[in-house]
Amino acid sequence: MLRIFLAIFLSVSTYFAFQFYWGDQGVKREEELAKQIEYQEQINKRLKVRNDALRAQINDLRRGEDAIEEHVRTELQYIKDGEVFYRIVEK
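The shown structure was predicted, so the numbers you read here are calculated from the model rather than taken from an experiment. (Residues numbered from 1 in each chain as written. Predicted model: local features only at pLDDT ≥ 70, side-chain atom pairs only at ≥ 80, totals over all residues. Heavy atoms only, no water.)

A. Examining the overall build of the protein chain more closely. Summing up its helical and strand segments, the protein chain has three helices and zero strands in all. For the protein chain, the C-alpha atoms occupy an extent of roughly 105 × 40 × 10 Å along the three principal directions. In the protein chain, buried positions account for 3% of the 91 residues. Within the structure as shown, the protein chain displays about 9,200 Å² of accessible surface, and the carbon and sulfur contribution to it stands at 58%. (Helix = DSSP H or I, 4+ residues; strand = E, 2+ residues; numbered from the N terminus. Buried < 20%, exposed > 50% of the residue type's maximum accessible area, 1.4 Å probe, protein only. Areas by Shrake-Rupley, 256 points an atom, 1.4 Å probe, with all protein chains shown as cover.)

B. Highlighting the packing of helix 2 (residues 27–63) against helix 3 (residues 65–76). Orientation of helix 2 relative to helix 3, taken along the N-to-C sense of each, is 120°, at an axis distance of 5 Å. With respect to helix 3, the axis of helix 2 lies oblique. Contacts from Q57, D60 and L61 of helix 2 reach helix 3 at A67, I68 and H71. Considering only residue class, the contact of helix 2 with helix 3 consists of three nonpolar, two polar and one charged. (Axes fitted to C-alpha atoms, helices over the stretch in contact; angles between N-to-C directions. Parallel < 35°, antiparallel > 145°, perpendicular 65-115°, else oblique. Contact = heavy atoms within 4.5 Å. Nonpolar A, V, L, I, M, F, W, Y, C, P; charged D, E, K, R; others polar.)

C. Spotlight on the confidence of the model for the protein chain. Model confidence for the protein chain is summarised by a mean pLDDT of 85, while 100% of its residues fall at 70 or above. Confidence, read as mean pLDDT per element, is least for helix 3 in the protein chain (76) and greatest for helix 2 (91). (pLDDT = per-residue confidence, 0-100.)

D. Looking closely at a nonpolar patch on the surface. On the surface, L2, F5, L6, F9 and L10 cluster together into a nonpolar patch covering about 580 Å² of accessible area. Within the element layout of this structure, L10 appears in helix 1 (residues 2–22). (Patch = residues over 30% accessible without salt bridge, like charges linked within 9 Å, V, L, I, M, F, W, Y side chains within 5 Å. Salt bridge = Lys/Arg side-chain N within 4 Å of Asp/Glu carboxyl O.)

E. The arrangement of the pattern of salt bridges in detail. The final tally for this structure, using the stated rule, is three salt bridges. Between D52 and R55 there is a salt bridge; the shortest N-O distance is 3.3 Å. Here D52 and its partner R55 are both found in helix 2, three residues apart, which amounts to about one turn of the helix. What emerges from the salt-bridge pattern is a single network uniting K48, D52 and R55.

This is the structure we're talking about:
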């Protein structure tokens, strides 16, 4: 009788230890989720920096023509009448 009780006890203990460590809400799953959260927080930080830069650029463009002109000059290489454009090519 004691051997049967001991065998059942060991089986149940093994099952609970397995569930505790590798189960759906176990230690391993918690570690995986913590890594995923950390990775997502890093992505969110980078996206926040990018979004802040875009918001600043939008605000500049809304404020006046000087910002629009600067944007056109840098992005589209706009040249005013009477100006000379020099392109420096590195070898």
